[in-house]
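Each chain, letter by letter, is given below.
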Amino acid sequence: MAYTLAEIADYLGAELKGDASLVVSGLATLATAKSGQLSFLANMSYKDQLLSTQASAVIVHPNQADDCQCAAIIASNPYLAYANVSQLFDTLPKAFGGIHPSAQISPTAKVDQSATIAANVVIEDHAVVAQHAVIGSGSVIGQNSRVGAGTRVHQNVSIYHDVTIGESCIIHSGTVIGSDGFGFANEAGKWVKICQIGGVVIGNQVEIGANCTIDRGALSDTQIGDGVKLDNQIQIAHNVEIGAHTAMAAGCLIAGSTKIGSACTLAGGVGVTGHLELCDGTHVTAMSLVTKSITKPGSYSSGTAMSPTAEWRKSAARLRQIDDLAKRIKNLEKSIKE
Amino acid sequence: MAYTLAEIADYLGAELKGDASLVVSGLATLATAKSGQLSFLANMSYKDQLLSTQASAVIVHPNQADDCQCAAIIASNPYLAYANVSQLFDTLPKAFGGIHPSAQISPTAKVDQSATIAANVVIEDHAVVAQHAVIGSGSVIGQNSRVGAGTRVHQNVSIYHDVTIGESCIIHSGTVIGSDGFGFANEAGKWVKICQIGGVVIGNQVEIGANCTIDRGALSDTQIGDGVKLDNQIQIAHNVEIGAHTAMAAGCLIAGSTKIGSACTLAGGVGVTGHLELCDGTHVTAMSLVTKSITKPGSYSSGTAMSPTAEWRKSAARLRQIDDLAKRIKNLEKSIKE
Amino acid sequence: MAYTLAEIADYLGAELKGDASLVVSGLATLATAKSGQLSFLANMSYKDQLLSTQASAVIVHPNQADDCQCAAIIASNPYLAYANVSQLFDTLPKAFGGIHPSAQISPTAKVDQSATIAANVVIEDHAVVAQHAVIGSGSVIGQNSRVGAGTRVHQNVSIYHDVTIGESCIIHSGTVIGSDGFGFANEAGKWVKICQIGGVVIGNQVEIGANCTIDRGALSDTQIGDGVKLDNQIQIAHNVEIGAHTAMAAGCLIAGSTKIGSACTLAGGVGVTGHLELCDGTHVTAMSLVTKSITKPGSYSSGTAMSPTAEWRKSAARLRQIDDLAKRIKNLEKSIKE
């Protein structure tokens with residue numbers, strides 16, 4: 001993978017300052033780039049590294065174009081330009097096209113001839129794999145499920161029956177889609193299973209990280225909107241609905257029937273209890289627990305700040321007395337007044 | 001899947017009010033049901049929907065029988081009746097019975113002839129799969145392990161050696177049972193592995209969600225009691241014991257050698273540290289951390305309430321001063337007294 | 001598996017008191033051991049069990065040698081001796097050596113002839129499996145990836161392309177290594193993917209539990225040092241670096257580009273936000289969230305203590321007023337002074 005700066009500037013639709021014929025064959029940060037590599041300056045706290053970088057070219061904002069000691073590709077949003085140029089240097093193995101002889105495909109499944117089905121894949125009855133989709137080694141596509149055009153399912157993914165995945169999605173390894181929601185009725189102390197007869201519907205351009213779990217609906221479908229990005233080890237319970245372009249970092253737990261709006265961001269380890277609604281533009285900081293619906297866009301948090309354990313122990317003990325402390329303050333105020 | 005109301009009432013042992021020959025072919029909530037579907041009223045906050053639902057029949061408590069505009073199936077516990085009737089409408093693909101030609105089964109394994117072994121399953125030496133058990137595509141049953149009668153193991157499940165799973169259990173995709181407990185001795189700064197030579201014993205009617213991990217015991221077995229229900233992404237460490245009919249929501253982390261009683265409920269994301277005992281009937285709210293044994297049944301919690309991040313920052317900073325605040329209150333009280 | 005006490009004492013380089021020809025065929029705790037089994041006393045709170053144990057021999061510290069009613073193997077660190085002797089009683093099935101006929105191995109991959117490749121394994125182009133390595137059933141080794149000598153990869157593990165795993169490592173089932181880091185640039189409300197072109201480099205003697213996820217680097221590699229021990233369901237984001245001999249209990253979430261020093265311990269469910277540095281010898285208690293770099297070795301915590309839910313509700317409500325309480329204390333102090 002090697003490109004001239006002219007090719008890169010052309011691909012980005014960006015202005016180039018420097019030798020257009022110069023060839024770059026890799027991407028790196030300013031601090032680690034070597035000669036022959038392309039870098040970028042997106043975060044101004046690294047601005048001084050422009051002077052010392054060994055990169056052959058740097059993607060910069062127009063304001064920094066004159067500070068470059070090397071060739072400059074000038075973009076109004078250098079981070080976005082970096083994202084776009086990263087596609088050129090992607091190391092993901094290309095799909096080979098076709099069906100590996102070890103794959104087990106039901107005669108009633110429909111696999112487009114442009115799709116790639118890797119080794120040991122299992123495709124069950126009436127499943128559909130659309131044009132240019134790629135199913136990675138060891139993955140299972142359940143009965144009646146559908147993988148949309150251009151979607152890439154990585155290795156050892158488990159997709160149950162009646163799951164619909166849209167176009168141009170990426171599903172990472174170990175993820176499970178369509179497992180039973182956690183539904184039981186209690187009969188004299190024993191749990192009676194509620195069969196989960198809904199499915200899962202996932203939109204287009206959705207990315208789901210590794211080892212996530214997305215449960216099927218109890219009656220209607222669990223729904224993930226277009227452009228949603230989920231990091232690793234996220235749990236989406238039955239009948240959750242997630243709005244378009246919402247992003248969640250690793251380890252989030254979303255309980256049943258909760259509706260999360262569009263353009264939300266949940267940091268790592270956030271929990272949201274069941275049957276809530278979070279409005280569009282809700283942001284939640286790391287490891288917070290959301291127990292009430294949120295109707296106003298903005299940032300929300302719970303938890304406490306980290307301390308050395310010895311100090312923390314004192315605070316934690318005192319916190320258990322806070323109701324008493326509050327009453328004593330009230331008494332003091334009364335005494336003073338009197 | 002279509003049933004007359006007479007068939008459904010008969011299956012439930014419930015009284016029917018309305019046209020016994022009416023056919024329903026699906027289950028839905030009151031709000032989304034269409035003509036030809038059956039619904040239920042379990043939560044009285046939805047009672048008004050009885051007037052507007054399009055369902056052809058509704059499962060109701062005797063008190064609501066007269067409020068139904070459509071046919072009524074009358075049950076003393078409508079939610080339990082819904083759970084039971086959901087079995088009739090289950091969409092889970094039926095086991096085909098027999099062994100898929102791509103399965104790899106050790107000649108020393110014993111697979112009952114009524115069992116179903118799906119594509120690419122691996123069954124190792126001396127493993128046993130009992131009557132009517134179903135092993136899903138890509139799952140591995142390790143050496144000497146046993147899957148009880150009527151148990152369904154979904155796709156890509158990994159079961160190590162010396163694991164015993166009881167009858168009528170459900171194990172969802174991506175779950176790992178019998179991986180090594182986390183045991184090391186420290187020798188001059190390096191960790192020396194303690195081989196985990198115990199196994200895992202799982203009772204009957206246990207359901208384990210997707211991508212759970214249940215470690216084998218260090219010396220004796222990790223034990224999961226009858227009727228336990230585990231949601232997705234739950235971690236059970238070595239030598240944990242879980243009593244009968246206890247249920248845990250997604251993301252719970254149970255540390256080593258802890259004993260959890262029977263009929264407990266742990267909400268999502270609860271952590272329990274090691275070597276504790278939680279008595280029967282313990283309930284823990286979402287994302288709480290249990291660091292002490294619990295000897296009295298009831299509900300327990302830790303954590304803080306959610307606030308807008310700006311307010312939360314102030315509270316979190318003040319909380320670090322709470323010990324100082326408490327001392328100042330004491331001083332004030334002394335001053336007032338003097 | 002049966003050994004004379006002479007063999008065990010010799011293996012440990014420990015002194016023996018008692019019948020050297022006595023045979024033990026199992027390991028157990030003092031409380032559960034039966035005749036014919038070996039036990040150990042590492043935790044002095046179990047010292048009284050020396051008098052009642054049915055074990056045939058016990059590993060003890062020199063100080064307890066005279067308290068043994070049975071044969072004694074005398075070691076200065078009985079817990080370490082137990083760890084070492086546990087290797088003798090390991091129940092892990094031995095590698096069979098060779099390649100199972102159902103394995104799918106690229107003609108360009110290099111698999112050492114002493115390696116074991118189990119059923120349904122997939123080894124992709126240019127991957128390397130070194131001497132005596134074992135790849136468990138259903139695992140996938142991606143393009144250009146390398147599994148070092150003596151490393152054991154359990155069942156259904158997914159290793160992407162360009163991942164290097166060192167020697168004598170253990171990777172448990174369901175773990176994913178090399179999935180894409182969570183990197184996106186936002187363009188007018190939509191997320192544009194940043195291709196993750198770095199790899200993952202894992203040192204020697206590393207153990208990684210079940211269902212962990214370790215993302216590949218964005219530009220340079222994610223790095224796990226020698227002797228690191230990770231429990232189950234741990235998430236390591238892109239470009240994280242973990243120093244040698246650090247251990248993490250289950251469910252830890254480490255966000256992108258964070259550097260964790262060597263000889264650290266993170267208890268279960270700890271979160272660490274991105275771009276931090278934790279110095280060597282940092283310890284963090286269960287379910288704490290680390291949001292700032294740590295420069296001084298020691299133990300750190302966040303969170304609150306558990307209470308009965310009714311009390312907790314009061315404390316949580318009061319905590320939201322703590323800033324107001326602090327101001328009222330200040331006012332009271334001013335009043336008193338006046």
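Look above for the structure.
Just so it is clear, the model here is predicted, and its values are computed rather than measured.

Asks: Looking at this structure, I do not really get the overall build of chain A. What am I missing?
Replies: Broken down by element type, chain A carries five helices and 39 strands. Computed over the C-alpha atoms, the radius of gyration of chain A is 26 Å, more than 25% above the 20 Å expected from 2.2 N^0.38 for a compact globule of 338 residues. On the principal axes, the C-alpha backbone points of chain A span a range of 85 × 65 × 35 Å. Per-residue burial for chain A yields a buried fraction of 57% across its 338 residues. The contacts in chain A between residues at least 6 apart in sequence include a share of 18% that link residues at least 24 apart. As presented, chain A carries roughly 12,800 Å² of accessible surface, and 49% of it is formed by carbon and sulfur atoms.

Asks: For this particular structure, what's the right way to read the interface of chain A and chain C?
Replies: Interface size is commonly expressed as the accessible area that is lost once the parts come together. Of the residues lining the interface, 69 residues belong to chain A; the matching set on chain C comes to 75 residues. Considering only the side of chain A, the residues that lose the most area to chain C are Gln233, Met287 and Met306 of chain A, jointly responsible for 11% of the buried surface there. Applying the counting criterion to the chain A and chain C interface returns three salt bridges. Between the two partners, chain A and chain C, sit 27 residue pairs in polar contact (both at pLDDT 80 or more). Sorting elements by how many residues they give to the side of chain A that touches chain C places helix H5 (residues 322–337) of chain A first, with nine residues.

Asks: Explanation requested: the packing of H5 of chain A against helix H5 (residues 322–337) of chain B in the structure shown.
Replies: Angle between the axes and distance between the axes are the two parameters that describe a pair of packed helices. Running from amino to carboxyl end, H5 of chain A crosses H5 of chain B at an angle of 35°, the nearest separation of the two axes being 10 Å. With respect to the hand of their crossing, H5 of chain A and H5 of chain B are arranged in left-handed fashion. Counting all contacts with H5 of chain A, which are made through Ile322, Leu325, Arg328, Ile329, Leu332, Ser335 and Ile336 of chain A, the residues of H5 of chain B involved are Ile322, Ala326, Ile329, Lys330, Leu332, Glu333 and Ile336 of chain B. Tallied by class, the residues present in the contact of H5 of chain A with H5 of chain B amount to 10 nonpolar, one polar and three charged.

Asks: Is there a simple way to explain a nonpolar patch on the surface in this structure?
Replies: A cluster of nonpolar side chains, namely Ile336 of chain A, Ile336 of chain B together with Ile336 of chain C, defines an oily patch on the protein surface of about 180 Å² accessible area. Positionally, isoleucine 336 of chain A belongs in helix H5. Residue isoleucine 336 of chain A is classed as partly exposed on the basis of its relative accessible area of 31%.

Asks: Where do I start with the packing of helix H4 (residues 309–319) of chain A against H5 of chain B in this structure?
Replies: In the contact formed by H4 of chain A and H5 of chain B, the axes pass within 8 Å of each other and the chain directions differ by 55°. On the basis of the axis angle, H4 of chain A is oblique to H5 of chain B. Where H4 of chain A abuts H5 of chain B, its residues Lys314, Ser315, Arg318 and Leu319 of chain A lie against Ile322, Asp323, Ala326 and Lys327 of chain B. In terms of residue class, the contact of H4 of chain A with H5 of chain B is made up of three nonpolar, one polar and four charged.

Asks: What should I look at first to understand the packing of aromatic side chains in this one?
Replies: Describing an aromatic ring pair means giving the distance of the ring centres and the angle of the ring planes. One pass over the structure, following the stated rule, counts 15 aromatic pairs over all chains. Geometrically, the ring pair formed by phenylalanine 40 of chain B and tyrosine 82 of chain B is stacked, given 3.9 Å between the ring centres and 10° between the ring planes. Note that phenylalanine 40 of chain B is positioned in strand E4 (residues 38–40) and tyrosine 82 of chain B in helix H3 (residues 78–86), a separation of 42 residues in sequence. Accessibility classification places phenylalanine 40 of chain B together with tyrosine 82 of chain B in one group, the buried group. An angle of 80° between the planes, with centres 5.1 Å apart, marks the rings of phenylalanine 182 of chain B and phenylalanine 184 of chain B as edge-to-face. On the basis of relative accessible area, phenylalanine 182 of chain B is assigned to the partly exposed category, the value being 24%. For phenylalanine 184 of chain B, a relative accessible area of 10% translates into the label buried. Clustering of aromatic rings is evident, with ring pairs tying together Phe40, Tyr79 and Tyr82 of chain A.

Asks: So what exactly am I meant to see when it comes to empty space enclosed by the protein here?
Replies: Unoccupied space between atoms shows up once a probe the size of one water molecule is rolled over them. With the rule as written, the count across this model stands at eight cavities of 30 Å³ or more. Here the largest cavity is characterised by a volume of approximately 110 Å³. Residue lining of the largest cavity: 16 residues in total, with Asn120 and Gly138 of chain A, Asn120 and Gly138 of chain B together with Gly138 of chain C positioned closest to the centre. Considered class by class, the residues forming the lining of the largest cavity number six nonpolar, 10 polar and no charged. Estimated volume of the second largest cavity: approximately 90 Å³. For the second largest cavity, the lining is made up of 16 residues, of which Gly174 of chain A, Asn156 and Gly174 of chain B together with Asn156 and Gly174 of chain C are closest to its centre. Tallied by class, the residues present in the lining of the second largest cavity amount to three nonpolar, 13 polar and no charged.

Asks: I'm lost on the pattern of salt bridges in this one. Help?
Replies: Close approach of charged atoms allows side chains of opposite charge to pair. For the structure on display, the rule yields 24 salt bridges over all chains. Across the pair aspartate 66 of chain B and lysine 17 of chain B runs a salt bridge, and its minimum N-O distance is 3.5 Å. Of this pair, aspartate 66 of chain B sits in the loop between strand E5 (57–60) and strand E6 (71–74) while lysine 17 of chain B is found in strand E2 (residues 15–17), placing the two residues 49 residues apart along the sequence. Several salt bridges converge on common partners, so that one network encompasses Asp180 and Lys193 of chain A together with Glu207 of chain B.

Asks: Would you mind showing me how to read the sheet that holds strand E29 (residues 241–242) of chain B here?
Replies: Paired through their backbone hydrogen bonds, the strands of a sheet run either parallel or antiparallel. Residues and elements named next belong to chain B. As summarised here, the arrangement of the nine strands in space is E9-E12-E15-E18-E23-E26-E29-E32-E35, forming an open sheet in which the pairing is parallel. On the outer flanks of this sheet lie strand E9 (110–111) and strand E35 (277–278), each paired with one strand and no other. In this structure, E29 lies alongside strand E32 (residues 259–260), joined through two bridges in parallel fashion. Among the inter-strand pairings, glutamate 241 is bridged to a residue of E32, identified as lysine 259.

Asks: Is there a simple way to explain the sheet that holds strand E32 (residues 259–260) of chain C in this structure?
Replies: Residue and element names in this part refer to chain C. Here we have nine strands laid out as an open sheet, ordered E9-E12-E15-E18-E23-E26-E29-E32-E35, and parallel in their pairing. In this open sheet, the two strands that pair with only one neighbour each are strand E9 (110–111) and strand E35 (277–278). Pairing of E9 with strand E12 (residues 128–129), which is carried by two bridges, proceeds in the parallel orientation. The partner of valine 111 across the bridge, within E12, is valine 129.

Asks: Where do I start with the environment of alanine 149 of chain C in this structure?
Replies: Residue and element names in this part refer to chain C. As for its position among the elements, alanine 149 is in the loop between strand E15 (146–147) and strand E16 (152–153). We classify alanine 149 as buried; its relative accessible area is 17%. Along the backbone, alanine 149 and glycine 136 are 13 residues apart, and their C-alpha atoms lie at a distance of 15 Å. Leave out the neighbours within four places in its chain, and alanine 149 touches Ala130, Gln131, Glu167 and Ser168.

Asks: Teacher, can you tell me more about the relation of the copies chain B and chain A here?
Replies: Relating the two copies of this chain is a rotation about some axis coupled with a shift parallel to it. Take chain B, turn it by 120°, move it 0.0 Å along the axis, and it overlays chain A with an RMSD of 0.0 Å. Interpreted geometrically, this transformation is the action of a three-fold axis. Every residue of chain B has its C-alpha some distance from the rotation axis, and the shortest such distance is that of glycine 303 of chain B, at 3.4 Å.

Asks: Any chance you could explain the interface of chain B and chain A here in plain terms?
Replies: In this assembly, 69 residues from chain B lie in contact with 75 residues from chain A. Interface area for chain B against chain A, summed over the two sides, is near 5,800 Å², with a carbon-plus-sulfur share of 62%. Scanning the region where chain B abuts chain A turns up three salt bridges. Aspartate 323 of chain B serves as the salt-bridge partner of arginine 318 of chain A, at 2.7 Å between the closest nitrogen and oxygen. Seen at the junction of chain B and chain A, the total is 27 residue pairs in polar contact (both at pLDDT 80 or more). When residues of the side of chain B that touches chain A are traced back to their parent elements, those giving at least two are H3, strand E27 (229–230), strand E30 (247–248), strand E39 (307–308), helix H4 (309–319) and H5 of chain B. If one sorts the elements of the side of chain B that touches chain A by residue count, H5 of chain B sits on top with nine residues. Residue composition of the side of chain B that touches chain A, grouped by class: 31 nonpolar, 29 polar and nine charged. Relative to E39 of chain B, strand E38 (residues 298–301) of chain A runs antiparallel, the two being bridged by two bridges. The residue bridging serine 301 of chain A from the neighbouring strand is serine 307 of chain B, located in E39 of chain B.

Asks: When you look at the side chain of aspartate 231 of chain B in this model, what are you seeing that I'm missing?
Replies: Position of aspartate 231 of chain B relative to the elements: it lies in the loop between E27 and strand E28 (235–236). A polar side-chain atom of aspartate 231 of chain B sits 3.1 Å from the main-chain amide nitrogen of alanine 250 of chain B. Excluding residues within four positions of it along the chain, aspartate 231 of chain B makes contact with Phe182, Asp215 and Gln235 of chain A together with Gly209, Cys212, Met248, Ala249 and Ala250 of chain B.

Basis of the calculations
Residues numbered from 1 in each chain as written. Chains lettered and ligands numbered in written order. Predicted model: local features only at pLDDT ≥ 70, side-chain atom pairs only at ≥ 80, totals over all residues. Heavy atoms only, no water. Helix = DSSP H or I, 4+ residues; strand = E, 2+ residues; numbered from the N terminus. Rg over C-alpha atoms; globule rule 2.2 N^0.38 Å. Buried < 20%, exposed > 50% of the residue type's maximum accessible area, 1.4 Å probe, protein only. Contact = heavy atoms within 4.5 Å. Areas by Shrake-Rupley, 256 points an atom, 1.4 Å probe, with all protein chains shown as cover. Buried area = accessible area lost by both parts, 1.4 Å probe. Salt bridge = Lys/Arg side-chain N within 4 Å of Asp/Glu carboxyl O. Polar contact = N/O pair within 3.5 Å; in protein donor to acceptor, adjacent residues only side chain to side chain. Axes fitted to C-alpha atoms, helices over the stretch in contact; angles between N-to-C directions. Left-handed = near helix turned anticlockwise from the far one by under 90°. Nonpolar A, V, L, I, M, F, W, Y, C, P; charged D, E, K, R; others polar. Patch = residues over 30% accessible without salt bridge, like charges linked within 9 Å, V, L, I, M, F, W, Y side chains within 5 Å. Parallel < 35°, antiparallel > 145°, perpendicular 65-115°, else oblique. Phe/Tyr/Trp six-rings, centres within 6.5 Å; stacked < 30°, edge-to-face > 60°. 1 Å grid on protein atoms, 1.4 Å probe; cavity = no way out; pocket = protein on both sides within 12 Å on 5 of 7 lines; lining within 4 Å. Points joined across faces, edges and corners; volume = space filled by probe spheres on them. Pairing = 2+ DSSP bridges. Least-squares fit on C-alpha atoms with pLDDT ≥ 70 in both.

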